[in-house]
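# Descriptive analysis of the structure
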Amino acid sequence: LQTMADVVARGFDFLALARPLIMEPDLVNKFESGASTQALCRPCNKCLASVAKGPVRCDLEAGA
């Protein structure tokens, strides 16, 4: 969350949250409520590999 705030403070207009939201669809709500300050997603890109197999999903969340 702090990194996101720093990036916006540097003048960027938006942030990409696609991968973190694949793993945690409720991430924005967690940030807003204070339940979390960091996404569990690690940019391994395994979710992108799932595109060819069917619905996009996080392989780490599935225990792969």
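Basis of the calculations
Residues numbered from 1 in each chain as written. Predicted model: local features only at pLDDT ≥ 70, side-chain atom pairs only at ≥ 80, totals over all residues. Heavy atoms only, no water. Helix = DSSP H or I, 4+ residues; strand = E, 2+ residues; numbered from the N terminus. Polar contact = N/O pair within 3.5 Å; in protein donor to acceptor, adjacent residues only side chain to side chain. Contact = heavy atoms within 4.5 Å. Buried < 20%, exposed > 50% of the residue type's maximum accessible area, 1.4 Å probe, protein only.

## Things to note about the side chain of Ser-50
For Ser-50, the position within the fold is in the segment after α4 (46-49). Here the side chain of Ser-50 touches Arg-57 through a polar contact of 3.1 Å, landing on its backbone nitrogen. Each residue touching Ser-50, except ones within four places of it in the same chain, is listed here: Pro-55, Val-56 and Arg-57.

## Points about the environment of Glu-32
By secondary structure assignment, the location of Glu-32 is in helix α3 (residues 27-33). When its relative accessible area of 69% is taken as the criterion, Glu-32 is described as exposed. Along the sequence, Glu-32 and Asp-6 sit 26 residues apart, while their C-alpha atoms lie 17 Å from each other.

## Some remarks on the side chain of Asp-59
In this fold, Asp-59 is placed in the segment after α4. Judged by relative accessible area, which is 12%, Asp-59 ranks as buried. A polar contact is formed between the side chain of Asp-59 and the side chain of Arg-57, at a distance of 3.0 Å.

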